[in-house]
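As a plain string of letters, each chain reads:
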Amino acid sequence: MLRPTPITLGASSLGARGDADEIAALADALLASELGDVDTSNNYAGGRSEAELGLAIARRGGLRPGGRLYSKADADAEGRFDGDRVRRSIEESLGRLGLDHLPIYHLHDPYTITLQEGMAADGPVAALLQLRDEGVIDAIGIAAGQTQLVHDYVLTGAFDAVLTHNRFTLVDRQALPLIRDARERGMTVFNAAPFGGGILANGTAETYGYRSPSAEFRAHIEALRALARDHGVDLAAAALHFSLRSSLVDSTVVGISSRGRLDQLAELVAAEVPEEFFDAVEAMGEPPASPND
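Our subject in this report is the structure included herewith. Since we're looking at a predicted model, the values are computed, not measured.

## Describing the overall build of the chain
Of the regular secondary structure elements, the chain holds 11 helices and 8 strands. A globule of 293 residues ought to have a C-alpha radius of gyration of about 19 Å, and the chain, at 19 Å, matches this closely. Seen through its C-alpha atoms, the chain measures out along the principal axes to roughly 55 × 45 × 35 Å. Across the 293 residues that make up the chain, the buried fraction comes to 56%. The long-range fraction of contacts in the chain, counting pairs at least 24 apart against all pairs at least 6 apart in sequence, stands at 77%. Surface exposure of the chain reaches about 12,500 Å², of which carbon and sulfur atoms provide 48%.

What follows is the structure, given as structure tokens:
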């Protein structure tokens, strides 16, 4: 079983915005940070996330001692996601990164194919298993949003890891059954987006997991904010530590869009959130249904 760092730094927005110097500086900062390993994907920022990380690896003369970088296989521009596409995807990823090996390569957002196509003899999962057997990757994962789809892949028993996002947070327990099933199978669990897309951070986000929540869900979040104020707790710190403290989660994936965000994350990790606050959260009862899925 892979032993990831408790925090994984997400590079989904690396290369998507900012000037060349800012992007290069962020790539360097991600690889230099001792907060955790780095997560990217073949199609993040149209491939530029991997490319910028590769340039930073070259500038630095390799990954930092003990540092690891994870990536993901993606469908091509036409939505094709078979075994041949996975082999091209890993070639593209390794080529951009300047590496010959990855500790994890996830099957990412397989929305253009059915589960049966995904698990077929010439499908993407078979290709990932072969890459693992060849030693090109150490482990394979399933990483996507739709809870039932991810759960279905988990139940095949073919995977070493799972990454779910925006579905196991301070205000959402939707992914709990699939996480528990993954745990029973000895899988490594990555829980991404602990801030629900920002609404649980200290900003002005109005959406949860990229969608507009119901009035009931918003009211629950407002009640949670009031509870945090009553306990003298930073809501963003509480949202992060909800995931960090869970025995079901191996690593919490936090997207980093700037060096400032990286500094803020260090502060949130160091923050203390009392158990009494989490006890009070549980006393609020089951959260309302989130807008996801």
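## Looking at the pairing of strand S6 (residues 161-165)
Counting buried positions along S6 gives 5 out of 5 residues, so the element sits mostly inside the fold. With 4 bridges connecting them, strand S5 (residues 137-144) and S6 associate as parallel partners. By the bridge assignment for S6, Ile 142 is matched with Val 162. For the crossover that starts at S5, traverses helix H6 (residues 147-155) and ends in the parallel S6, the hand is right-handed. As paired elements, S6 and strand S7 (residues 188-192) share 5 bridges and run parallel to each other. Paired with Leu 163 across the strands is Phe 190, a residue of S7. Between the parallel elements S6 and S7, the chain passes through helix H7 (residues 176-184) in a crossover that is right-handed.

## Topic: the environment of Glu 282
Mapping Glu 282 onto the fold places it in helix H11 (residues 275-283). Counting along the chain gives 254 residues from Glu 282 to Asp 28, while the straight-line C-alpha distance between them is 40 Å. Within the structure, Glu 282 has its side chain in polar contact with the side chain of Arg 173 (distance 3.4 Å).

## Let's talk about the packing of aromatic side chains
In total, this model carries 5 aromatic pairs according to the counting rule given. For the ring pair Tyr 70 and Phe 190, a centre distance of 5.6 Å and an interplane angle of 70° mean the geometry is edge-to-face. In this pair, Tyr 70 sits in strand S3 (residues 69-73) while Phe 190 sits in strand S7, placing the two residues 120 residues apart along the sequence. With respect to burial, Tyr 70 and Phe 190 carry one shared label: buried. A ring pair is formed by Tyr 153 and Phe 159, whose centres lie 5.9 Å apart and whose planes are at 85°; its orientation type is edge-to-face. Taking the relative accessible area as the measure of exposure, Tyr 153 reaches 0% and is therefore buried. By relative accessible area, which is 6% here, Phe 159 ends up buried. Seen from the ring of Phe 278, Arg 245 lies directly overhead, with NZ or CZ sitting 4.1 Å from the centre.

## Considerations on the pattern of salt bridges
Considering all chains together, one arrives at 16 salt bridges under this definition. Of the charged contacts in the structure, one is a salt bridge between Arg 80 and Asp 82, with a shortest N-O distance of 2.6 Å. The exposure class of Arg 80 is partly exposed, given its relative accessible area of 38%. A salt bridge links Asp 84 to Arg 87, with the shortest nitrogen-to-oxygen separation between them at 3.4 Å. Residue Asp 84 and its partner Arg 87 are located together in helix H3 (residues 83-97), separated by 3 residues, close to a single helical turn. Salt bridges sharing partners connect three or more residues here, namely Arg 80, Asp 82, Asp 84 and Arg 87.

Rules behind the numbers
- Residues numbered from 1 in each chain as written.
- Predicted model: local features only at pLDDT ≥ 70, side-chain atom pairs only at ≥ 80, totals over all residues.
- Heavy atoms only, no water.
- Helix = DSSP H or I, 4+ residues; strand = E, 2+ residues; numbered from the N terminus.
- Rg over C-alpha atoms; globule rule 2.2 N^0.38 Å.
- Buried < 20%, exposed > 50% of the residue type's maximum accessible area, 1.4 Å probe, protein only.
- Contact = heavy atoms within 4.5 Å.
- Areas by Shrake-Rupley, 256 points an atom, 1.4 Å probe, with all protein chains shown as cover.
- Pairing = 2+ DSSP bridges.
- Right-handed = clockwise from strand over helix to strand, strands pointing away.
- Polar contact = N/O pair within 3.5 Å; in protein donor to acceptor, adjacent residues only side chain to side chain.
- Phe/Tyr/Trp six-rings, centres within 6.5 Å; stacked < 30°, edge-to-face > 60°.
- Lys NZ or Arg CZ within 6 Å of the ring centre and 35° of its normal.
- Salt bridge = Lys/Arg side-chain N within 4 Å of Asp/Glu carboxyl O.

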